[in-house]
Structures are given as structure tokens and as C-alpha cells.
Amino acid sequence: MSGRGFRRRLRSWGRRQLYSFFSSLGALLSHRLGTLMTSLVLGIAMLLPLSLFVTVTNLHGLDLQQEDWGTVTVFMQPGVDEQQVLELAARIEQQQAAEVVAVSPEQGLQEFQQSSGFGQAMDLFEENPLPWVLQVTQPSMAAGSIEDRVGAMSAWLGQQQGVDSVQVDFKWLQRLAGLLALGDAIVTVLTVLFSLAVVAVVANTIRLDVANRAHEIEVLHLVGASNGFVRQPFLYLGFWYGVLGALLALILLGLCMAYLARPLEQLLDAYGNTFEFVGLGASGGLLVLLAGGALGLLGAWVSVQRYLHRFELAGPGARG
Amino acid sequence: MITFEHVSKRYPGGIAALQDVSFHLDAGEMVFLTGHSGAGKSTLLRLILMLERATRGQVIVDGRNLCTTPSRFAPQVRRRIGMIFQDHKLLSDKSVFDNVALPLMIAGMRYPDIRKRVRAALDKVGLLSKEKSWPLTLSGGEQQRVGIARAIVGMPPVLLADEPTGNLDPALSRDLFRLFRQLNEQGVTVLIASHDLALIRRMGQRVLVLAQGRLVDDIAPADIAGEAP
């Protein structure tokens, strides 16, 4: 094929695309209410996973003051004397490179009486029931994840002589991390499910559209339109539905966030947390629009392909 | 231009629409196809348009054997054939201009060229003044002429018509056939299915007669003229 011939075919292809593009826009605009309804259904379907995603992302971003949670409390067995405790503290500082604060039973009793309000209850005991306690904190700059470091250290501490039990506040953090991981998984599941819903809604809408325009499709076939030419406007239509749905989802998400931002900030301020509600951002929004368009395109493809297949003439080999 | 060799068409369910039909149309011929309804006229036209496939035999149009042509080439085959339908098959939500322009849009032609060709085609059928009208506002005869403009706008070498005068009064039918003859004189091969025997006789062209799916007669123009009306 000569270069000129190729260019000519490319240009006529471009003109056909342009025709399909405008004819699909015309179809959208001629049924404004129907378009809006379909887009709204798609938008809400997309909003659910998106809003959960934003929620989980914001939870991930919360400043939970993890270093405080990394402190491990070691309770010594009753009867262990100061000498042994200080030896252990020195050993911990050496081997685990951690900061150790030793709290004697007397100090502990004092703190308890001051802070708990149960001070008088302690007078009932003939002798101080509290054991020696070591508070072990690892420096925040250490390598590895906090879970691994604290996990390894608390295991090591548990094996030392004279140690009764090791309490890891960090467990709570681990549980929270578990919940967040679950949230991530739910986002994934919802994204898959609602993507399917978007494809199904678009496919069904396009199917009805195809049925409504069966006469037009027949005429197009009769005057020599290829399947591609018949398919094209419907694919564009699906794409537009997807993009409009995504746009509505983003707008709804923005409204929800604007509505929730203030009460959330107030709540977290009360916990002494500085917090900024983070949305999807420009690139995230663009990605959502593209994904919506792609899903719409897929739905339209599924629908039109089935229809054209039914319309198609049997192949030359298949003589009935 | 069009050759049928022992063509049979049997629809699922065993109804034989065509049986062992053979004929040949030269390029530039004008031929009528007649017979009672159900004789197989429409099926024959549908085979030429690749809307159906022959069960047996060969259909050769413009040098291409349609029985061995894959379906994906059907649009190419149809673009070289202008087809006129009894029910016009116009799109009611598009203007007359856009209806006629459809085959050229499909071919991806430049808009200025489309304009020129559509206006020329509308001029030929005498509807240039109606290019902005909507099909439903036109009379039956005018709608039929829009269908003809659409069929000839792509300048196809073959023109097929399925009962084009079906809903028209005799005067309009005569005008229509005169238009077909003009097109034929410009070199287009024309095949018209019609049961309007009186009109066919007056046209004095070759006639193929179908009865119950068989080609029972192939009358030369000279014999038509001699027959009593």
C-alpha cells in the first residue's frame, strides 16, 4: 500500500470516528433525563468503594504516635531484688539498645495512689503487692518495622530470668493495623463488585439503546456499514456513561467530604490529633474518570458484541 | 454483472424459497423480476445483497463469488450495490440530506464531497428543494425517491429495487420506472422486482419470471413488446 493510500484511509477512518463521536453525543443529549438517571446510578455505584477507599486512606494517615505504643512493660516476679533488676536493666540496655526505666514497687505504689484514686484500698494490703517494673522503649530510629522490632524484643524479654510477664501495648496497634488491612481488602472487594455493577448497568442501558435503534442499525447494515461502524457510536456512548458516572461520583464524594470534614476535625482535635482530611487529589480523580470510562466502554462492548453476533450472517462454510 | 448458477435457498424448517435458479445479467442491462408474492423475488435480491447465503449453487456479483466471500466482506459488497426498498427504510430522525448522505458517511468521505454528491443525487430524483425536510413530512412517492437518491449517491454499478412501486399510484409508478431507465442509460445495471405486469410490459425490457422458487421464464425485450397487454 502506498503512503498516500494509507493516509487517505486513515483520514476516512478519522472522519468515521468523528461521525460516531458526534452521533453518540447527540444520542446522549437527546435523552437528557435518561442519561442523568443512568449516570446517577453509575455515580452512586462508584461512590461506595471510593468513599470507603478515602476513609481507609485517611485512617492510614492518622498520626497514632506509634513510638509511645512501642513501649514494652516488663513485670518482674515478686521477690526479685533490686540488684537483679538493675542487672537485667543493664543487660537490656546493652543487648537491645533500648532505654530502660526501672520502677520500684514503692514508686509504683506512690504513682498508683496518686493517679488511680484507689490509694486507700492499697492500705488494706499488709505489704506492697506490686512487683518491680521495667519500661523498655526502643529508639525510634532503629531499622525494621515497629511490629517486628517490638515483637522480637518482647520475646527475648520473656525468656530472661526473673521476668514474670511482658505486656505489649503494641498489640492494640497491631489490631488496628489488622482492621486497616481488612478495610483495604473490603475496598478491593467492593471495587471489583461495583465495577461489575457498572459494567452490567452500562451493558443493560446500551442493550436497550441498541434495541430502540434496531431499525437504524438494520438500515446502516443495508447500505454497507461494517460492524465496526455500527458498533462505534455505542462504544462512545458507553464511554460517556462511564465518564459521567465517575464525574458524578467525584462530585458526590467531594460533597460528602465537605460535609464531614468539620465534625471529624473537631473529634480528632479532642484526641489531641492534628488531622487533615485527604481526598483523592487531581491524579486520583483523573484515574477515577478514566476507569469509569473504561468500565463503560467494556459494558457497551459486551452488549453490542452480543447483538451484532446475532445479526451476523453465517460464514461461507456454514451453509444452512 | 450478476450470475446465478443452480442456486437453491432453503430456509430452516425446510421451506424452499429458491430452487435451481440460473441466469446471467450483463453489465448495463435493465431487467425486471416478476412473480406472485412468495415466489422468491425478495430472497433472490437478498442473496445478491449478502443478507442471506445460498444453500446450493453459486451467486457471482461484479466478479465476486458471494458463496465463498466471508461475512466480514459483506459491507464491501453492499457498498457496490444500490438497494431500493418497498418500505423505503429511511431514518425518520434524520433529515433527507442526512439519509441520502449515509452511504458516503460510512465510506468516510470528506464533507464537501458528500455535500456535492448528495445534492447531485437529490437533484436527479427532483427533490433538491427538500434536502432539509424530514422523511415523515414527505409523500410516499417522495420518500421512495429519497430512497433512490440514497441508493445512487455512492454511484454503484448495480441497482436493485424490491417492489419500488408497491404503494404508489400508476402515474408515480411510471415516473419512477422512467427514472430507472435514465439511470440504466447512464450505464447502471438495474434489477427490479415487481408484480406490476402492465407497467413491466410497457417498459419493454427483459423479464425474469419466478414461480414457487423456480425460474419459469426468461423473456427477451423483443418478445415483451409483441405480447398483448
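Residues numbered from 1 in each chain as written. Chains lettered and ligands numbered in written order. Predicted model: local features only at pLDDT ≥ 70, side-chain atom pairs only at ≥ 80, totals over all residues.

Participant: Can you walk me through the overall build of chain B in this structure?
Facilitator: A count of helices and strands for chain B gives 8 helices and 10 strands. For 229 residues, the compact-globule formula gives about 17 Å, and the C-alpha radius of gyration of chain B, at 17 Å, lands near that figure. Taking the principal axes of its C-alpha atoms as reference, chain B extends roughly 45 × 45 × 35 Å. Out of the 229 residues in chain B, the part that is buried amounts to 44%. In chain B, the share of contacts with a sequence separation of at least 24, taken over all contacts with a separation of at least 6, comes to 69%. (Helix = DSSP H or I, 4+ residues; strand = E, 2+ residues; numbered from the N terminus. Rg over C-alpha atoms; globule rule 2.2 N^0.38 Å. Buried ≥ 20, exposed ≤ 12 C-beta atoms within 10 Å, placed from the backbone. Contact = placed C-beta atoms within 7 Å.)

Participant: Looking at this structure, how should I read the domain arrangement of chain A?
Facilitator: Note: interface size is frequently given as the accessible area lost on complex formation between the parts. Parsing chain A into structural domains produces domain 1 (15–64 + 175–311) and domain 2 (71–168). Of note, the centres of domain 1 of chain A and domain 2 of chain A, computed from C-alpha atoms alone, are 55 Å apart. (Domains from an automatic or database assignment.)

Participant: What is the right way to look at the interface of chain A and chain B in this model?
Facilitator: The interface is formed by 20 residues belonging to chain A together with 25 residues belonging to chain B. Those elements that provide at least two residues to the side of chain A that touches chain B are helix 1 (3–30) and helix 9 (214–222) of chain A. Broken down by element, the side of chain A that touches chain B gets its largest block of residues, 5 residues, from helix 1 of chain A. Grouping the amino acids of the side of chain A that touches chain B by side-chain chemistry returns 10 nonpolar, 5 polar and 5 charged. (Nonpolar A, V, L, I, M, F, W, Y, C, P; charged D, E, K, R; others polar.)

Participant: It is not clear to me how the sheet that holds strand 4 (residues 163–168) of chain A should be interpreted in this structure. Could you clarify?
Facilitator: The strands making up a sheet associate through hydrogen bonds between their backbones, and the pairing can be parallel or antiparallel. All names here are of chain A. The 4 strands lie next to each other as 2-3-1-4, forming an open sheet whose pairing is antiparallel. Strands at the two margins of the open sheet, each flanked by one partner only, are strand 2 (99–103) and strand 4. When strand polarity is set aside, the average angle formed by the axes of neighbouring strands in this sheet is 20°. Across 4 bridges, the pairing between strand 1 (residues 72–76) and strand 3 (residues 133–137) is antiparallel. Residue Val 74 lies in a different strand from strand 3, and its bridge partner there is Leu 134. Contacting strand 1, strand 2 and strand 3, helix 4 (residues 82–96) crosses the sheet at an angle of about 165° to strand 2. (Pairing = 2+ DSSP bridges. Axes fitted to C-alpha atoms, helices over the stretch in contact; angles between N-to-C directions.)

Participant: I tried to follow unusual backbone geometry on my own but got confused; where do I start?
Facilitator: A negative phi angle is the norm for most residues apart from glycine, just as the trans form is the norm for most peptide bonds. Residues and elements named next belong to chain B. Although it is not a glycine, Asp 62 adopts a positive phi angle of roughly 55°. Even without glycine at this site, Lys 89 takes up a positive phi of about 50°. In this fold, Lys 89 is placed in the loop between strand 6 (81–84) and helix 3 (96–107). Of the residues examined, Lys 89 has 18 C-beta atoms within 10 Å and is grouped as partly exposed.

Participant: Even after reading the chapter, I still don't get the domain arrangement of chain B, so can you show me in this structure?
Facilitator: All names here are of chain B. The domains assigned to chain B are domain 1 (2–80 + 156–226) and domain 2 (90–153). The distance between the C-alpha centroids of domain 1 and domain 2 comes to 24 Å. Facing the 9 residues of domain 1 at the interface are 9 residues of domain 2. Residue contributions to the side of domain 1 that touches domain 2 peak at 4 residues, all from helix 6 (residues 170–185). Broken down by class, the residue content of the side of domain 1 that touches domain 2 amounts to 7 nonpolar, 1 polar and 1 charged.

Participant: So what exactly am I meant to see when it comes to the environment of Ile 206 of chain A here?
Facilitator: With respect to the helices and strands, the residue Ile 206 of chain A is situated in helix 8 (residues 170–212). Considered as a pair, Ile 206 of chain A and Leu 248 of chain A are 42 residues apart in the sequence and their alpha carbons are 19 Å apart.

Participant: In this structure, what is going on with the environment of Pro 112 of chain B? I would like to understand it.
Facilitator: Relative to the elements of secondary structure, Pro 112 of chain B occurs in helix 4 (residues 111–124). Spatially, the C-alpha atoms of Pro 112 of chain B and Ala 198 of chain B are 43 Å apart, while their sequence positions differ by 86 residues.

Participant: Looking at this structure, I do not really get the nonpolar core. What am I missing?
Facilitator: One broad trend across soluble globular proteins is that nonpolar side chains are buried collectively. Of all hydrophobic cores here, the largest spans 72 residues; its most connected members are Leu 33, Ile 48, Val 100, Ala 149, Leu 159 and Leu 160 of chain B. Among the elements that take part in this core, helix 3 of chain B stands out by supplying 7 residues, more than any other. With residues up to four places along the chain from it excluded, the contact list for Ile 48 of chain B reads Ile 2, Val 59, Val 61, Ile 81 and Leu 160 of chain B. Counting residues in hydrophobic clusters, the runner-up holds 35 residues, among them Val 210, Val 243, Leu 248 and Leu 295 of chain A. (Core = buried A, V, L, I, M, F, W, Y, C linked by C-beta atoms within 7 Å.)

Participant: What is the right way to read helix 5 (residues 140–152) of chain B from this model?
Facilitator: Residues that lie three or four places apart on an α-helix share one face, since the helix turns once every 3.6 residues. All names here are of chain B. Across its 13 residues, helix 5 extends 19 Å between first and last C-alpha, which sits within 8% of the 18 Å expected from 1.5 Å per residue. Among the 13 residues of helix 5, 10 are classified as buried, and the element is accordingly described as predominantly covered. Residues of helix 5 that are buried include every one of Gln 143, Gln 144, Arg 145, Val 146, Gly 147, Ile 148, Ala 149, Arg 150, Ala 151 and Ile 152, and no others. Taken together, the buried residues of helix 5 touch strand 6, helix 3, helix 4, strand 7 (158–162) and helix 6. (Expected span 1.5 Å × (residues − 1).)

Participant: Just to check I follow, could you spell out the packing of helix 1 of chain A against helix 10 (residues 227–270) of chain A for this structure?
Facilitator: Packed helix pairs are characterised by how far apart their axes lie and by the angle those axes make with each other. All names here are of chain A. It is at 8 Å that the axes of helix 1 and helix 10 come closest, and there the two elements cross at 50°. Accordingly, the angle class assigned to the pair helix 1 and helix 10 is oblique. Relative to helix 10, helix 1 is oriented so that their crossing is right-handed. Counting all contacts with helix 1, which are made through Arg 16, Gln 17, Ser 20, Phe 21, Ser 23, Ser 24, Ala 27 and Leu 28, the residues of helix 10 involved are Phe 229, Gln 232, Pro 233, Tyr 236, Leu 237 and Trp 240. Looking at side-chain class alone, the contact of helix 1 with helix 10 contains 8 nonpolar, 5 polar and 1 charged residues. (Parallel < 35°, antiparallel > 145°, perpendicular 65-115°, else oblique. Left-handed = near helix turned anticlockwise from the far one by under 90°.)

Participant: Honestly, the sheet that holds strand 10 (residues 214–219) of chain B in this entry has me stumped. Any pointers?
Facilitator: Residue and element names in this part refer to chain B. Sheet architecture is open: 6 strands sit in the order 6-7-8-3-9-10, paired in mixed fashion. Looking along the sheet, the strands with just one partner apiece sit at the ends: strand 6 and strand 10. Direction aside, the axes of adjacent strands within the sheet are offset by 15° on average. Relative to strand 7, strand 6 runs parallel, the two being bridged by 4 bridges. Looking at strand 7, one finds that Ile 84 is bridged to Ala 161. Sitting on the sheet, helix 5 is in contact with strand 6 and strand 7, with an inclination near 170° to strand 6.

Participant: Looking at this structure, how should I read the packing of helix 3 of chain B against helix 4 of chain B?
Facilitator: Residues and elements named next belong to chain B. Taken N-terminus to C-terminus, the directions of helix 3 and helix 4 make an angle of 125°; their axes are 9 Å apart at the nearest point. Compared by their axis directions, helix 3 and helix 4 come out oblique. For helix 3 against helix 4, the interelement crossing comes out right-handed. Each of Phe 97, Val 100, Ala 101, Leu 104 and Met 105 in helix 3 lies in contact with helix 4, whose residues at this interface are Ile 114, Arg 117, Val 118, Ala 121 and Leu 122. Per-class residue counts for the contact of helix 3 with helix 4 are 9 nonpolar, no polar and 1 charged.

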